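The residues making up each chain are set out below.
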Amino acid sequence: GSPATYKAVYAKVYEPVFADIEPVMDFVAPENSHSVSSTQVYGGTVGATSSSLGQGSFSCFLKDGITDALLAQKDEILFFKFYPDRNKAPYVLCQGKLGIARTFPAGDNIKAACTISATQEGTENAS
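Residues numbered from 1 in each chain as written. Predicted model: local features only at pLDDT ≥ 70, side-chain atom pairs only at ≥ 80, totals over all residues. Heavy atoms only, no water.

1. Comments concerning the pattern of salt bridges
If you walk through the whole model with that rule in mind, you get 1 salt bridge. For the salt bridge of E22 with R86, the shortest nitrogen-to-oxygen distance reads 2.5 Å. Separated by 64 residues along the polypeptide, E22 in the segment before β1 (24-28) and R86 in the loop between β5 (77-82) and β6 (91-103) bring together distant segments of the chain. (Salt bridge = Lys/Arg side-chain N within 4 Å of Asp/Glu carboxyl O. Helix = DSSP H or I, 4+ residues; strand = E, 2+ residues; numbered from the N terminus.)

2. Regarding the nonpolar core
F58, C60, F80, L98, I100 and C114 are the most contacted members of the largest nonpolar core, which totals 14 residues. Counting only elements with at least two residues in this core, the list comes to β4 (56-62), β5, β6 and β7 (110-117). The element that contributes the greatest number of residues to this core is β7, accounting for 4 residues. Other than its neighbours up to four places away in sequence, C60 contacts I21, P23, V24, L70, I110, K111, A112 and C114. (Core = buried A, V, L, I, M, F, W, Y, C linked by side-chain atoms within 4.5 Å. Buried < 20%, exposed > 50% of the residue type's maximum accessible area, 1.4 Å probe, protein only. Contact = heavy atoms within 4.5 Å.)

3. Some details on the layout of surface pockets
The calculated volume of the largest pocket comes to roughly 1,100 Å³. A19, D20, I21, V24 and K81 are, among the 30 residues lining the largest pocket, the residues nearest its centre. Per-element accounting of the lining of the largest pocket gives the leading share, 6 residues, to β5. Considered class by class, the residues forming the lining of the largest pocket number 22 nonpolar, 1 polar and 7 charged. Considered as a void within the structure, the second largest pocket measures approximately 200 Å³ in volume. C94, Q95, G96, T119 and Q120 are, among the 13 residues lining the second largest pocket, the residues nearest its centre. Elements that contribute at least two residues to the lining of the second largest pocket include exactly β5 and β6. Considering each element in turn, the lining of the second largest pocket owes the most residues, 5 residues, to β6. Per-class residue counts for the lining of the second largest pocket are 5 nonpolar, 6 polar and 2 charged. (1 Å grid on protein atoms, 1.4 Å probe; cavity = no way out; pocket = protein on both sides within 12 Å on 5 of 7 lines; lining within 4 Å. Points joined across faces, edges and corners; volume = space filled by probe spheres on them. Nonpolar A, V, L, I, M, F, W, Y, C, P; charged D, E, K, R; others polar.)

4. A look at the packing of aromatic side chains
Overall, the coordinates contain 3 aromatic pairs when judged by the stated rule. Judged by centre distance (5.5 Å) and plane angle (50°), the rings of Y83 and Y91 are tilted. Note on Y83: relative accessible area 33%, which makes it partly exposed. On the accessibility criterion, Y91 (15% relative accessible area) is buried. (Phe/Tyr/Trp six-rings, centres within 6.5 Å; stacked < 30°, edge-to-face > 60°.)

5. What about the pairing of strand β2 (residues 32-41)?
Pairing geometry for β2 and strand β3 (residues 44-53), over 10 bridges, is antiparallel. By the bridge assignment for β3, T39 is matched with V46. (Pairing = 2+ DSSP bridges.)

What is shown is where atoms sit, not what they do.
This is the structure:
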């Protein structure tokens, strides 16, 4: 019998808002790569495998390379949702820190090489 005690619980809930970035090309999702190493020992070989997470990346064209909305997100941890076919449901979802390297060529379009520094692989979703 003691009376019930109530405690306050506070939570911040966020719902991601996705914005199209166009034109974009060459999307690469953050994924694991595997390697094998071996050492010769008397009577045979001892082998080991290891995995490492690679950076994701994509390239896009910018309007002026200074005031583009994407540039305001540089160094932020963001979600990226990539549709291989924008008219179909399957997509890849990943989260990571956005890195941007801009190129200002003379007489050509301004381009950004973007990296996605993730802590885990992207996930494939069928719907």
